[in-house]
Amino acid sequence: MINYRYKAKDVNGKTVIDTISAQDEMDLHEKIKANNLFLISAKAKEEKQNSKRLKSNMISEFSRNVGELLGAGVTLVKALRIISEDESIKPKEREIYAAILKLVRSGMAFSDAISAQGDAFPPLFINMIKSAESSGNMDQIALQMAEYYNKEYKLTQKIKSSMTYPKILCVLIVVVVAIIMGYVIPQFQSLFSQMDTLPKSTTALLNISNFVKKKWYLIILFAIIAYVVFKLLFSIPSVRYGKDKLELKLPVIGKLRKVIYTARFARTMSSLYSAGISIINCLQIAKNTIGNRYIEKQFEQVIAEVRAGEMLSVSLDRVDGFTKKLSSSVMVGEETGALDSMLVSIANQMEYDSEMALNKLVSYLEPAMIVVMAVIVGFIIISVIQPIYGSYQSMSTSYQ
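Everything numeric in this text was worked out from a predicted model, so none of it was measured. (Residues numbered from 1 in each chain as written. Predicted model: local features only at pLDDT ≥ 70, side-chain atom pairs only at ≥ 80, totals over all residues. Heavy atoms only, no water.)

Asker: Even after reading the chapter, I still don't get the packing of helix 7 (residues 138-162) against helix 13 (residues 253-274), so can you show me in this structure?
Answerer: As a packed pair, helix 7 and helix 13 sit with axes 11 Å apart at the nearest point and diverge in direction by 175°. Classed by the angle they form, the pair helix 7 and helix 13 counts as roughly antiparallel. In this structure, helix 7 contributes Gln 144, Met 145, Tyr 148, Lys 151, Leu 155 and Ile 159 to the contact, and helix 13 contributes Ile 260, Arg 264, Arg 267, Thr 268, Ser 270, Ser 271 and Ser 274. Of the residues in the contact of helix 7 with helix 13, the class split is five nonpolar, five polar and three charged. (Axes fitted to C-alpha atoms, helices over the stretch in contact; angles between N-to-C directions. Helix = DSSP H or I, 4+ residues; strand = E, 2+ residues; numbered from the N terminus. Parallel < 35°, antiparallel > 145°, perpendicular 65-115°, else oblique. Contact = heavy atoms within 4.5 Å. Nonpolar A, V, L, I, M, F, W, Y, C, P; charged D, E, K, R; others polar.)

In structure tokens:
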């Protein structure tokens, strides 16, 4: 449970400031509403004290095992016992699953037992299990969640694997430049010292080479400090918000990120809405799975508009960060009464588009980095050859 410090108004317009415990934001809204209050703002007083978030593939495997065992007629307690005793899982996973089993055996609801594990499971998973407990289709929802997190894991791995080659190229550029500056260029130092005048590019190259050779530790120290500073800066909410907003405005990369965020939101919405969760609760949960603070912030307006009776498609169309294909598909779903199937369709389409956009981005990055390497090496070669060529020219002129 999380303790929230909230500000609300009652039916008479009186401001109420108090503290309340809730499992998540959706549970907070329900409790505030039950007290006949209108929530204005809320802030978590303390973070959940528990496990690190399980990876998507771990949650997918856990969900699949639960769904298949329950579908085969195995009781929930027995299914959890089988999963927790699996020798192939990691000790941390086993500890979490064993804790869930213990709580379920004591009579606690499955969703509450999962929620009690702190940050181990995402809010989406917890709310989907809670919905399944009400509808009685736990096995189907668990398998649906297994598919959802499996797709999320594959997309994440796709992004990581696509960036492997550009990262290798970047490291290679740094290594090559370091070797040239620290070892190769100093070999020409004695030759260049005998020349009266040197081109500006050669002088600059020699200065950089001397600095790399004598002060290499300062470069490493600066890199470490820069990494730490940027890490701390991006942990500040306002800076993170600005960074997420800028990310969407960048050429090529911005378009790719929009497609990925749209696919993630559509997939989450389709899973939640098909499980029978109300559209408002779907939005409150789905906005936290997008991964961009700038887009998430805009959902305060979206939720307020939908609550006031605005069509979901119209509100989503105003969100800066989603592709227009999302709002168009949602509009078709609203008009035909098949919003759930349209959300699934747009989610599948967006995931395909995100893979294509990612491949396109990588196809741009690879030659761009090769060009950068060629420019750097070319500058070094020209800076070295130019004074030597000039020296030979002046020698041949003097002999004539």
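Structure's up, so let's keep going.
Asker: Honestly, the environment of Leu 361 in this entry has me stumped. Any pointers?
Answerer: Looking at the element boundaries, Leu 361 is found in helix 18 (residues 339-399). We classify Leu 361 as buried; its relative accessible area is 10%. Counting along the chain gives 198 residues from Leu 361 to Met 163, while the straight-line C-alpha distance between them is 9.6 Å. Not counting residues up to four positions away in its chain, the partners in contact with Leu 361 are Val 252, Ile 253 and Leu 256. (Buried < 20%, exposed > 50% of the residue type's maximum accessible area, 1.4 Å probe, protein only.)

Asker: Just checking my understanding: could you explain the packing of helix 3 (residues 76-84) against helix 4 (residues 91-105) for this structure?
Answerer: For any two helices packed against each other, one specifies the crossing angle of their axes together with the interaxial distance. The geometry of helix 3 relative to helix 4 is characterised by a closest axis approach of 9 Å and an angle of 160° between their N-to-C directions. Here helix 4 runs roughly antiparallel to helix 3, going by the angle between their axes. The way helix 3 lies across helix 4 gives a crossing that is left-handed. Where helix 3 abuts helix 4, its residues Leu 76, Val 77, Leu 80, Arg 81, Ile 83 and Ser 84 lie against Arg 94, Tyr 97, Ala 98, Ile 100, Leu 101, Val 104 and Arg 105. (Left-handed = near helix turned anticlockwise from the far one by under 90°.)

Asker: What am I meant to see in the packing of aromatic side chains here?
Answerer: The geometry of an aromatic ring pair is captured by the separation of the ring centres together with the interplanar angle, meaning the angle of the planes. For the coordinates displayed, the defined rule picks out 13 aromatic pairs. Ring centres of Phe 62 and Phe 125 lie 6.3 Å apart, and the angle between their planes is 55°; on these two criteria the pair is classed as tilted. Of this pair, Phe 62 sits in helix 2 (residues 56-71) while Phe 125 sits in helix 6 (residues 123-135); the two residues are 63 residues apart in sequence, bridging distant segments of the chain. Assessed through its relative accessible area of 1%, Phe 62 is described here as buried. Put simply, the rings of Phe 62, Tyr 97, Phe 110, Phe 121, Phe 125, Tyr 148 and Tyr 149 touch in pairs and so form one group of aromatic residues. If you follow Lys 243 out to its NZ or CZ, it ends over the ring of Phe 234, 5.7 Å from the centre. (Phe/Tyr/Trp six-rings, centres within 6.5 Å; stacked < 30°, edge-to-face > 60°. Lys NZ or Arg CZ within 6 Å of the ring centre and 35° of its normal.)

Asker: It is not clear to me how the pattern of salt bridges should be interpreted in this structure. Could you clarify?
Answerer: Once their charged atoms are close, side chains differing in charge can pair, the charge on each being opposite to the other. Counted according to the given criterion, the structure contains eleven salt bridges. In this structure, Glu 85 engages Arg 81 in a salt bridge whose closest nitrogen and oxygen atoms are separated by 3.6 Å. Residue class for Arg 81 comes out partly exposed when judged on its relative accessible area of 28%. Because the salt bridges share partners, they merge into one network encompassing Arg 240, Lys 243 and Asp 244. (Salt bridge = Lys/Arg side-chain N within 4 Å of Asp/Glu carboxyl O.)

Asker: Would you take a moment to explain the nonpolar core for this structure?
Answerer: Generally speaking, soluble globular proteins have nonpolar side chains that are buried together. One finds Phe 62, Ile 100, Phe 110, Phe 121, Phe 265 and Phe 322 to be the most contacted residues of the largest nonpolar core, which totals 66 residues. By size, the runner-up hydrophobic cluster in this structure holds eleven residues, among which are Phe 192, Met 195, Leu 205 and Leu 206. (Core = buried A, V, L, I, M, F, W, Y, C linked by side-chain atoms within 4.5 Å.)

Asker: Any chance you could explain the environment of Leu 206 here in plain terms?
Answerer: Locating Leu 206 in the fold gives a position in helix 10 (residues 200-214). Along the chain, Leu 206 and Ser 131 lie 75 residues apart, while their C-alpha atoms are 68 Å from each other. The contacts of Leu 206, once residues within four sequence positions are left out, are Ile 185, Gln 189, Phe 192 and Leu 198.

Don't take any of this as a statement about function, it's just geometry.
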